[in-house]
Amino acid sequence: MGKIRMTHPNRPLIYFVATGLSFLVLALIGAPWWLTPLAFTCFALGLIVTSVQSVFPQESEHWLAWWRARWNHHRHCR
């Protein structure tokens, strides 16, 4: 069996962000005040993790070469 990909390469991330944000706003109507910043903080952390995973290679055949090149670059910068 093949791996199931949870990302949709043909759909930009902004569609998922807009959908998630609208559902979050609807869910927080009438919620206690302290739940609103907590929910938006969790949403922002999830967005940051998703963005980092889309920038750095996760399941790439070249990930080891990418990390080595990055490590060498940082080592030479010092």
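1. What to know about the overall build of the chain
At step 1: Across its full length, the chain carries 3 helices and 0 strands.
At step 2: Each helix and strand of the chain, ordered N terminal to C terminal, gives the series α-α-α.
At step 3: Looking at the 78 residues of the chain, the share that counts as buried comes to 5%.
At step 4: Total accessible area computed for the chain in this model is approximately 7,200 Å², and 67% of it derives from carbon and sulfur atoms.

2. A few points about the packing of helix H1 (residues 13-27) against helix H2 (residues 35-55)
At step 1: Interhelical geometry of H1 versus H2 gives an angle of 165° and a closest axis separation of 11 Å. On the basis of their axis angle, the class for H1 and H2 is roughly antiparallel. Crossing of H1 over H2 shows right-handed handedness. Two secondary-structure elements touch here, H1 through Leu13, Val17, Gly20, Leu21, Leu24 and Val25 and H2 through Ala39, Phe40, Phe43, Leu47, Thr50 and Ser51.
At step 2: Considered class by class, the residues forming the contact of H1 with H2 number 9 nonpolar, 3 polar and no charged.

3. Things to note about a nonpolar patch on the surface
At step 1: A surface patch of nonpolar side chains, about 390 Å² in accessible area, is lined by Trp63, Leu64, Trp66 and Trp67.
At step 2: Mapped onto the fold, Trp67 is located in helix H3 (residues 63-77).

4. Focus on the confidence of the model for the chain
At step 1: Confidence in the prediction of the chain, expressed as mean pLDDT, is 78, and 78% of residues score 70 or more.
At step 2: Looking over the chain, one finds the lowest element-wise mean pLDDT in H3, namely 82, and the highest in H2, namely 85.

5. Brief notes about the environment of Trp66
At step 1: Structurally, Trp66 is set in helix H3.
At step 2: When the C-alpha positions of Trp66 and Phe56 are compared, they lie 9.0 Å apart, and in sequence the two are 10 residues distant.

What counts as what
Residues numbered from 1 in each chain as written. Predicted model: local features only at pLDDT ≥ 70, side-chain atom pairs only at ≥ 80, totals over all residues. Heavy atoms only, no water. Helix = DSSP H or I, 4+ residues; strand = E, 2+ residues; numbered from the N terminus. Buried < 20%, exposed > 50% of the residue type's maximum accessible area, 1.4 Å probe, protein only. Areas by Shrake-Rupley, 256 points an atom, 1.4 Å probe, with all protein chains shown as cover. Axes fitted to C-alpha atoms, helices over the stretch in contact; angles between N-to-C directions. Parallel < 35°, antiparallel > 145°, perpendicular 65-115°, else oblique. Left-handed = near helix turned anticlockwise from the far one by under 90°. Contact = heavy atoms within 4.5 Å. Nonpolar A, V, L, I, M, F, W, Y, C, P; charged D, E, K, R; others polar. Patch = residues over 30% accessible without salt bridge, like charges linked within 9 Å, V, L, I, M, F, W, Y side chains within 5 Å. Salt bridge = Lys/Arg side-chain N within 4 Å of Asp/Glu carboxyl O. pLDDT = per-residue confidence, 0-100.

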